[in-house]
Amino acid sequence: MAIREILEFPDPRLREVGEPVTVFDDSLRQLVEDMAETMYDAPGVGLAAPQIGVSKRIFVIDIAGEDEPSDLMVFINPEILSLDGTQQWEEGCLSFPGATETVKRAEHVRVRAQDAHGKAFELEADGLLAVAIQHENDHLNGVLMIDKLNPIKKRLFSRKVNQARA
Ligand code: NI
């Protein structure tokens, strides 16, 4: 296992569209383990492969609280099946360290994906898990949380990002 370097905005690799995973082998599972370790080390509740410079359709999420056992969820080749309702959540992103902003997302999401062995599953989520799935899925398409903000919030968020960096 290894902790990988997390790319930060505006690294152009964050804008790449991830390729589907076609081979479910040990090296894929090693990559998923590295992603989980990198996410826990950061720490964060989600990490997508493009954030470590791997242009593939993979993300990991763990929304368990500090006093709860870890609950790693692995999504490979995810497909959003439906989105309903709206919610706003104060989001952060490991590629924008130290800054958060309120983002509007769907309240409820249904997603289909594969696990690290290629087994397909479907999942319904709401609340924070729904937010995390939408946020991480965006990364696979080169879309970042800053793209979801209106011009005023975008300026505020950019300022927070720059302050955190200074
Ligand atoms: Ni992110």
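Described below are features of the structure shown in this document.

About the thresholds
- Residues numbered from 1 in each chain as written.
- Predicted model: local features only at pLDDT ≥ 70, side-chain atom pairs only at ≥ 80, totals over all residues.
- Heavy atoms only, no water.
- Helix = DSSP H or I, 4+ residues; strand = E, 2+ residues; numbered from the N terminus.
- Buried < 20%, exposed > 50% of the residue type's maximum accessible area, 1.4 Å probe, protein only.
- Expected span 1.5 Å × (residues − 1).
- Contact = heavy atoms within 4.5 Å.
- Phe/Tyr/Trp six-rings, centres within 6.5 Å; stacked < 30°, edge-to-face > 60°.
- Pairing = 2+ DSSP bridges.

## Structural notes on the environment of Gly-44
Here Gly-44 is to be found in the loop between helix 1 (26-41) and strand 1 (46-48). For the pair Gly-44 and Leu-94, spaced 50 residues apart in sequence, the C-alpha to C-alpha distance is 6.8 Å.

## With respect to unusual backbone geometry
Residue Pro-10 is reached from Phe-9 by a cis peptide bond, and omega for that bond is 5°. Looking along the chain, the bond that leaves Ala-42 and enters Pro-43 is cis, with omega of -10°. Mapping Pro-43 onto the fold places it in the loop between helix 1 and strand 1. Of note in this structure, Asn-77 is not a glycine but carries a positive phi near 50°. Structurally, the position occupied by Asn-77 is in strand 3 (residues 73-84). Relative accessible area serves as the criterion here: at 17%, Asn-77 is assigned to the buried category.

## Regarding helix 1
Over its 16 residues, helix 1 runs 22 Å from end to end, which matches the ideal 22 Å to within 8%, given 1.5 Å per residue. Taken together, the buried positions of helix 1 are occupied by Leu-28, Leu-31, Val-32, Asp-34, Met-35, Ala-36, Thr-38 and Met-39. Where helix 1 is buried, its residues meet strand 1, strand 2 (58-61) and strand 3.

## Topic: the packing of aromatic side chains
This structure, assessed with the given rule, holds 4 aromatic pairs. An angle of 25° between the planes, with centres 4.7 Å apart, marks the rings of Phe-59 and Phe-75 as stacked. You can see Phe-59 sitting in strand 2 and its partner Phe-75 sitting in strand 3, a full 16 residues away along the chain. Consider the rings of Phe-96 and Phe-157, whose centres lie 5.1 Å apart with planes at 55°: the pair is tilted. In this pair, Phe-96 sits in the loop between strand 4 (87-92) and strand 5 (100-105) while Phe-157 sits in helix 3 (residues 151-165), placing the two residues 61 residues apart along the sequence. Both residues of the pair, Phe-96 and Phe-157, count as buried. Taken together, the aromatic side chains of Phe-9, Phe-96 and Phe-157 make up a single cluster linked through ring pairs.

## Some words on the pairing of strand 6 (residues 108-114)
Only one face of strand 6 is buried, namely the one carrying Val-109, Val-111 and Ala-113, since none of His-108, Arg-110, Arg-112 and Gln-114 on the opposite face is buried. Examined bridge by bridge, strand 3 and strand 6 share 6 bridges and lie antiparallel to one another. Paired with Leu-83 across the strands is Val-109, a residue of strand 6. Here strand 6 hands over to strand 7 (residues 120-126) after 5 residues, with Gly-118 in that stretch at a positive phi of 90°.

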